[in-house]
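# Summary of the model geometry
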Amino acid sequence: MAFPDSTRAELESIVARYPQARSALLPMLHLVQSEQGYVSPEAIELCADVLELTPAEVASVASFYTMYKRRPVGKHHIGVCVNPQCGILGGEAIWKALAEDLEIGHDETTPDGEFTIERIECQAACTYAPVVTADWEFMDNATVDSTRDMIEKLRGGEPVESTRGPQIRSFKQTERSLAGFDDGLADEGGNNADAVMLRGLKVAKEQNMPFAEPTATEAGSAS
Amino acid sequence: MTLTPNLTAHWDEPDSYTVAGYERHNGYVALRKALAMAPEDIIGVVKDSGLRGRGGAGFPTGLKWSFVPQGDAKPHYLVVNADESEPGACKDIPLMLASSQHLIEGMIIACYAFRANHAFVYIRGEVPHVIRRMQLAVRDAYDNGYLGKDILGSGFDLDIVIHSGAGAYICGEETALLDSLEGRRGQPRLKPPFPAVAGLYASPTVVNNVETIMSVPAIIRNGGDWYKSFGTEKSPGIKVFSVAGHVNNPGIFEAPLGITMRELIGYAGGIRDGHELKFWVPGGSSVPLLTEEHLDTPLSYEGMESVGTMLGTATPMVFDETTSVVRAITGWLDFYKHESCGKCTPCREGTWWIDQLLNSLNEGTGKIEDLDTLQDLCKQILGRSFCALGDAAATPYPAALKYFREEFEAGTHTASAELFDPNAPIVFSGVSTS
């Protein structure tokens, strides 16, 4: 599949964001990955051409970062955090069930092209352990059952909501967002402050603890 | 010690991340004040506040800003390190989701102070919702006249670019982050020169953590003495603690530095019902673990140093008695091995060696001499690697051995999974414990 001319134009629009062109390379690789589902040799050549680098220079960068894939990813990328906090609290059990259900292993894709699964590292969501990701959106406080349910729904085309984020779309669509193109979803979930994020504030209010700034305790009293 | 909501004070208002939600509670008051001050006076206030970097190293923020040479005719840059990836840490991601305008205001004040007209937020790639939230924050700030040319009629210009990483823990190291932001492999640079002299594009650059920058507006509003009135003498101020693991109510707690882990566990609803604390890690997997005996030690830079560990990111992980220490440490070394960038030999080779030996102990096939070999390996790596990732990889094992030697000795004949039922530490039901 050749890239349409519009891809080159979009790559050039990424370059225009930066004081120096090469800084655009990481988001550019996200963009080409959003079109093909992986970073193909052709995509590397296109990025190299836009940035006036050699394909080897671009490939050396693409191969360094875990999120760039060398083989096509399925429609949905499912990550299970197995770093100890999540892994011990249930991530390994989720991984085992997921891999058995789908009959594939780490970094493999189901024969129908629906799912690629990956054992991922810490997602900075440890207070929500164990954490699963669907196309990199948070699926916090996951369980074996919630993960099975998510897979069934995604397979059936039913809506699945991220716990702190939008409805799950696809791996390719997430990659386009990562390239910096507005997807109109930035307001999804309000400020995303759920019970976990509000835990300390709730305790402080219940126990009448003083806030750091005195005016902060009364809403709207900014002076 | 009580909690002191500061950055999180209005998170119960769902629009806390918007310009309107932020302005309702003093948002952009500090910017107006700052733009009327001399830039060096702002650096002075931040110095006076005693604010130290919240990314883990704890370097004094005002001092860092003062290292940027002035009148040098080179462009200056601010790069916000939003690559939160430290195992255990869950603070910058929630902060950016719910307080994105705090970050923008802090960035403008910082850039005005050390005269930068271009700033970047380097966000790890695995968090698309945070990236779109910060992009929205930047757009809204432009629309409200807080970014762009001649901000609020001050004559000061600033542009902010939100940049997405692509999955590399090492990019949390500030010079690796800069290489990555230049479109290269994220590998650390030799220091000196430090980024304040030669950073992004070889120009003077300040790299600050998200929480550090977010702390600035309230300091400018209320003064350095106000901020210093919280915390301890050597660790002034307020910190966002994320408490994770085997507690009844994991979550975000904002408190003065110097609060104790016993207090935080109390606010988090205590250790998981029916269980007891086994070990905890105060500041991410890169710092030595602690046990019950350290629960009353102040969570401050100096307090944690006094018990042989570090405050780090101040994001404690808690594990109860069902957890195998050997399994946890092995898991962390799997991580460091995976994330070693390969630039220097001690880390590239050493993480594989440590991990191999730990895995054999975890599987119950280790040899008793492995315990000493591991100690020796960690000693060889510590201080000899190119950056702190190697040091971090050499950190978990020695502390774990100190407090739980018998568990590592058991690794010479029994797998951790036999000693500790892997289903027992699981926090959801539906997986039977044998």
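Cut-offs applied
Residues numbered from 1 in each chain as written. Chains lettered and ligands numbered in written order. Predicted model: local features only at pLDDT ≥ 70, side-chain atom pairs only at ≥ 80, totals over all residues. Helix = DSSP H or I, 4+ residues; strand = E, 2+ residues; numbered from the N terminus. Buried ≥ 20, exposed ≤ 12 C-beta atoms within 10 Å, placed from the backbone. Contact = placed C-beta atoms within 7 Å. Domains from an automatic or database assignment. Nonpolar A, V, L, I, M, F, W, Y, C, P; charged D, E, K, R; others polar. Core = buried A, V, L, I, M, F, W, Y, C linked by C-beta atoms within 7 Å. Pairing = 2+ DSSP bridges. Axes fitted to C-alpha atoms, helices over the stretch in contact; angles between N-to-C directions. Parallel < 35°, antiparallel > 145°, perpendicular 65-115°, else oblique.

### Describing the overall build of chain A
Within chain A one finds 8 helices and 5 strands. Along chain A, from the amino end to the carboxyl end, the secondary structure elements read α-α-α-α-β-α-β-β-β-β-α-α-α. Counting only C-alpha atoms and orienting by the principal axes, one finds that chain A spans roughly 60 × 50 × 30 Å. Per-residue burial for chain A yields a buried fraction of 54% across its 223 residues. Considering only contacts within chain A whose residues lie at least 6 apart along the sequence, 59% involve residues at least 24 apart.

### Comments concerning the domain arrangement of chain A
Residue and element names in this part refer to chain A. Domain assignment breaks chain A into domain 1 (5-62) and domain 2 (76-178). With 6 residues of domain 1 in contact, the opposing surface of domain 2 contributes 5 residues. By residue class, the composition of the side of domain 1 that touches domain 2 is 2 nonpolar, 4 polar and no charged.

### Re the domain arrangement of chain B
What the domain assignment lists for chain B is domain 1 (19-223), domain 2 (238-320) and domain 3 (325-419). Taking only C-alpha atoms into account, the centre of domain 2 of chain B sits 23 Å from that of domain 3 of chain B.

### A few points about the nonpolar core
In a soluble, globular protein the nonpolar side chains are often hidden away together inside. Residues Cys47(A), Val79(B), Val80(B), Met107(B), Ile109(B) and Ala110(B) are the most contacted members of the largest nonpolar core, which totals 210 residues. Non-local contacts of Met107(B), meaning those with residues more than four positions away in its chain, are made with Leu78(B), Val80(B), Ala119(B), Ile160(B) and Ile213(B).

### So, the sheet that holds strand 6 (residues 251-256) of chain B
All names here are of chain B. Taken in spatial order, the 4 strands make up an open sheet running 6-5-8-7, and their pairing is mixed. Only two strands of the sheet have a single neighbouring strand rather than two, namely strand 6 and strand 7 (277-281). In this sheet, neighbouring strand axes are inclined to one another by 30 degrees on average, regardless of whether the strands run parallel or antiparallel. Sheet topology places strand 5 (residues 238-245) next to strand 6; 6 bridges connect them, and they run antiparallel. Of the residues in strand 6, the one forming a bridge with Ile238 is Pro256.

### A closer look at the interface of chain A and chain B
At the junction of the two partners, chain A supplies 74 residues and chain B supplies 84 residues. The set of elements that each furnish at least two residues to the side of chain A that touches chain B consists of helix 2 (25-36), helix 4 (55-62), helix 5 (84-102), strand 5 (137-139), helix 6 (144-155), helix 7 (171-178) and helix 8 (199-206) of chain A. Of all the elements, helix 5 of chain A adds the most residues to the side of chain A that touches chain B, at 8 residues. Within the side of chain A that touches chain B, the residues separate by chemical class into 40 nonpolar, 23 polar and 11 charged.

### Brief notes about the packing of helix 5 of chain A against helix 14 (residues 325-339) of chain B
Their axes nearest at 9 Å, the elements helix 5 of chain A and helix 14 of chain B cross at an angle of 130 degrees. As judged from the angle between their axes, helix 5 of chain A and helix 14 of chain B are oblique. Counted together, Pro84(A), Gly87(A) and Ile88(A) of helix 5 of chain A and Arg327(B), Ala328(B), Gly331(B) and Trp332(B) of helix 14 of chain B form the full contact between these two elements. Classifying every residue of the contact of helix 5 of chain A with helix 14 of chain B gives 4 nonpolar, 2 polar and 1 charged.

### Points about unusual backbone geometry
Generally, phi is negative for residues other than glycine and the peptide bonds are trans, each holding for most cases. Of note, the bond from Lys191(B) into Pro192(B) is cis; its omega dihedral lies within 30 degrees of zero at -5 degrees. By secondary structure assignment, the location of Pro192(B) is in the loop between helix 8 (174-181) and strand 4 (205-209). In the Ramachandran plot, Glu52(A) falls in the positive-phi region, its phi being about 55 degrees despite a non-glycine side chain. Along the chain, Glu52(A) falls in the loop between helix 3 (41-51) and helix 4. Within the chain, Asn26(B) stands out as a residue other than glycine whose phi angle is a positive 75 degrees. Checked against the element boundaries, Asn26(B) lands in the loop between helix 1 (19-23) and helix 2 (29-35).

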